[in-house]
Amino acid sequence: MSLHFTYKGSPARIVFGAGVRWQLADAIDRLGCSRAFVLSTPQQAGEAEALAASLGGRAAAVYSRATMHTPVDVSEAAVAAAREAGADCLVAVGGGSTTGLGKAIAYRTDLPQIVMPTTYAGSEVTDILGQTADGAKTTLRDPKVLPEVVLYDPELTLGLPLGLSITSALNAMAHAAEGLYAEDRNPITTTMAAEGLAALRDALPGIVADPRDLAARTGALYGAWLCGTVLGSVSMALHHKLCHTLGGSFELPHAETHAVLLPHTIGYNAVAVPDLLAPVARIFGDPPGAALYDFAKGLGAPTALRDLGLKEADLDRAAALAASKPYPNPRPFDAAAIRALLGAAWAGTRPTT
Ligand code: NAD
């Protein structure tokens, strides 16, 4: 056997299980902190208030102004509010938008973070921060933004609306699928990716049947952790770059865009690296792109970019933008190849590869 790889484990403490949200006070104590700044979106303010109330005086303030795309002005206002409150740690309760606000504050203050995820986006286990300013989205990687503690409590996901549950899970699957052919992959990330994909395949039909099925929710959150860990460990390629372009420059919704593009990007790359994508074929069927399309469609996920608000007239510009900066991908591409891929995704055509 010939094997060469570099593996670096994450220093984060992961606590998983139904009810672990009630360990929040203990998690704050373990960090040596006593004044938590509790973050959420306006929609999840009730959840944040309830958790803050359970902290026996350890909550410095609840700040429920997290919003999509982590705008820099929102982050700067939150930093000022955290300082004003005398916060010594951050607690984010929510999806990628709330986690993103916590990371943006940590980036500017170095405060330690505890995250309690309520979607499957995976941001809580990555050192990646995406931010928007003046209509442009930029991404950075910095160890400062990696949360110190994650409390994965599947009970917090029971109320996640079905549509977002499915698209968010497909977002998670995209991290794992691209991790399988990442240039810097290693045997651990490949194992985690396959395990994460299988966990989500097994769990999602149960969530569609009953969104409050705790066993199915537990399986999906377990899969999301694995897939997110892959995202945090290796570099992504064509799929994530296309989603970034469509989200950043055309304001397409994050999870839905991942859901629509996944079968097309994986189908495109399957032609070049069928061996590396063999776990997808084994778990979902062969060929991988077509199988992922059938799986997503069967769950009721959106299948066409035109249904997400992208205009056909924007496809040329989107393809040119996505092809303008070089980045690693297992199959070479140019603007024409991306235009063809986006055209199929726009129309919602089933991939053949
Ligand atoms: P989100 O955080 O924007 O949440 C969408 C909506 O659903 C919000 O209103 C939220 O309050 C609500 N919601 C979330 N969980 C809920 C629950 N359990 N019950 C009821 N309502 C709930 O959505 P998302 O897809 O998790 O996050 C998307 C954002 O995360 C994007 O900005 C994306 O760029 C970012 N992201 C970053 C990374 C990273 O590593 N940096 C990874 C993935 C996603």
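What counts as what
- Each chain has its residues counted from 1, following the order in which its sequence is written.
- Local features are withheld for residues below a pLDDT of 70 in this predicted model, meaning they are given only at 70 or higher, and side-chain atom pairs are given and counted only at 80 or more; totals for whole chains, interfaces and linings count all residues.
- Working from all heavy atoms in the structure, the side-chain values ignore hydrogens and water.
- Note on terminology: near, applied to a residue and a molecule or strand, indicates that one of the residue's heavy atoms is within 4 Å of it.
- N or O atoms within 3.5 Å of each other form a polar contact, as long as, within protein, one can give a hydrogen and the other can take it, and as long as residues adjacent in sequence are counted only when both atoms are side-chain atoms.
- Calculation of accessible area relied on Shrake-Rupley with a 1.4 Å probe; when residues are assessed, cover is drawn exclusively from the protein chains displayed.
- We count a stretch as a helix when DSSP gives it H or I for four or more residues in a row; a strand needs E for two or more, and each element gets its number in order from the N terminus.
- Amino acids are sorted into nonpolar (Ala, Val, Leu, Ile, Met, Phe, Trp, Tyr, Cys and Pro), charged (Asp, Glu, Lys and Arg) and polar (every other residue, Gly among them).
- Only C-alpha atoms enter the line fits that serve as axes; for helices the fit covers just the stretch in contact. Angles between N-to-C directions range over 0 to 180 degrees.
- In these notes the angle categories are as follows: under 35 degrees is roughly parallel, over 145 is roughly antiparallel, 65 to 115 is roughly perpendicular, and the rest is oblique.
- Contact between two residues is taken to exist if any of their heavy atoms lie within 4.5 Å; hydrogens are not considered.
- For any helix crossing, the convention is left-handed if the near helix is rotated counterclockwise from the far helix by under a right angle, and right-handed if that rotation is clockwise.
- Pairing between strands is defined by DSSP: at least two bridges between them are needed.
- Residues grouped as a nonpolar core are buried Ala, Val, Leu, Ile, Met, Phe, Trp, Tyr and Cys residues, joined through side-chain atoms within 4.5 Å.
- The buried label applies to any residue whose accessible area, calculated with a 1.4 Å probe on protein chains only, is under 20% of its type's maximum; exposed applies above 50%, and partly exposed to all values in between.
- Here, a salt bridge means any side-chain nitrogen of Lys or Arg that lies within 4 Å of a carboxyl oxygen of Asp or Glu.
- Clockwise travel from the first strand over the helix to the second, with the strands pointing away from the viewer, marks a crossover as right-handed.
- The pairing test for Phe, Tyr and Trp rings, Trp by its six-membered ring, is centres within 6.5 Å, and the orientation test on the planes gives stacked under 30 degrees, edge-to-face over 60, and tilted for anything in between.
- Two conditions define a charge sitting above a ring: the NZ of Lys or the CZ of Arg must be within 6 Å of the ring centre, and it must be within 35 degrees of the ring normal.

1. Side note on the site of the ligand
- Taken together, the neighbourhood of the ligand is formed by 22 residues, with T41, S97, T118, T119 and T126 sitting nearest.
- Contact distances for the ligand include 2.6 Å between an oxygen atom and a side-chain N or O atom of T41.
- Note that a nitrogen atom of the ligand is positioned 2.9 Å from one of the backbone N or O atoms of I128.
- A total of 870 Å² of accessible area belongs to the ligand in isolation, and the protein chains cover 85% of it.
- For the shell around the ligand, the element with the most residues is helix α4 (residues 96-109), which contributes three residues.
- Class assignment of the residues belonging to the shell around the ligand gives a composition of seven nonpolar, 13 polar and two charged.

2. Observations regarding the packing of helix α5 (residues 162-180) against helix α8 (residues 238-250)
- Orientation of α5 relative to α8, taken along the N-to-C sense of each, is 140°, at an axis distance of 9 Å. One finds that α5 runs oblique with respect to α8. Residue-level inspection shows A174, H175 and E178 of α5 in contact with α8, the latter providing L238, H239 and H240.
- By residue class, the composition of the contact of α5 with α8 is two nonpolar, three polar and one charged.

3. Considering the packing of α8 against helix α9 (residues 254-270)
- One can describe the packing of α8 onto α9 by two numbers: an axis separation of 9 Å at closest approach and a directional angle of 145°. When you trace α8 past α9, the crossing you get is right-handed. Every residue of α9 that contacts α8 at L238, H239, H240, L242, C243 and L246 is listed here: T257, H258, L261, L262, T265, Y268 and N269.
- Classifying every residue of the contact of α8 with α9 by side-chain character gives seven nonpolar, six polar and no charged.

4. Comments concerning the sheet that holds strand β8 (residues 149-152)
- Read across the open sheet, the six strands follow the order β1-β8-β5-β4-β2-β3; overall the sheet is parallel. Two strands bound the open sheet, and with one partner strand each, they are β1 (13-16) and β3 (59-63). Along the sheet, successive strands turn relative to each other by an average axial angle of 15°, direction set aside.
- Sheet analysis places strand β4 (residues 89-94) next to strand β5 (residues 113-117), joined by five bridges and oriented parallel. Within β5, the residue paired with A92 across the bridge is V115.
- Taken strand by strand, helix α3 (residues 72-84) contacts β2 (36-39) and β3, and its axis lies near 155° from that of β3.
- Lying over the sheet, helix α7 (residues 214-233) contacts β1 and β8, oriented at roughly 165° with respect to β1.

5. Quick notes on the nonpolar core
- Among the nonpolar cores identified, the biggest contains 52 residues, and Y120, M173 and F284 are the most heavily contacted of them.
- Listed by contribution, the elements that provide at least two residues to this core are β8, α5, α6 (187-209), α7, α9, α10 (278-284) and α11 (288-299).

6. A look at the pattern of salt bridges
- Counted according to the given criterion, the structure contains eight salt bridges.
- The shortest N-O distance in the salt bridge between R350 and D294 comes to 2.7 Å. Taken together, the residues R350 in the segment after α13 (335-347) and D294 in helix α11 connect sequence positions 56 residues apart.
- Its relative accessible area of 44% is what places R350 among the partly exposed residues.

7. Structural notes on the side chain of T132
- Along the chain, the position of T132 falls in strand β6 (residues 128-133).
- In terms of polar contacts, T132 uses its side chain to reach the backbone carbonyl oxygen of H69, at 2.9 Å.
- Sequence-distant contacts of T132, defined by excluding residues within four places in its chain, comprise H69, T70, P71, V72 and K137.

8. A look at the pairing of β2
- Alternating residues of β2 divide into A36 and V38 and F37 and L39, and every residue in both groups is buried.
- The pairing of β2 with β3 spans four bridges and is classified as parallel. By the bridge assignment for β3, A36 is matched with A59.
- A crossover links β2 with its parallel partner β3, the connecting element being helix α2 (residues 45-53), and its sense is right-handed.

9. Things to note about the packing of aromatic side chains
- Summed over the entire model, instances satisfying the criterion amount to six aromatic pairs.
- Summarising the aromatic geometry, the rings of Y222 and W225 are spaced 6.2 Å apart at their centres and angled 40° between planes, so their arrangement reads as tilted. Residue Y222 and its partner W225 are located together in helix α7, separated by three residues, close to a single helical turn.
- Seen in terms of ring centroids, Y327 and F333 are 5.1 Å apart; in terms of plane orientation they differ by 35°. Their pairing is tilted.
- Chaining the aromatic ring pairs together yields one cluster made of F16, Y152, Y222 and W225.
- The positively charged end of R306 is found above the aromatic ring belonging to W346, 5.3 Å away from the centroid.

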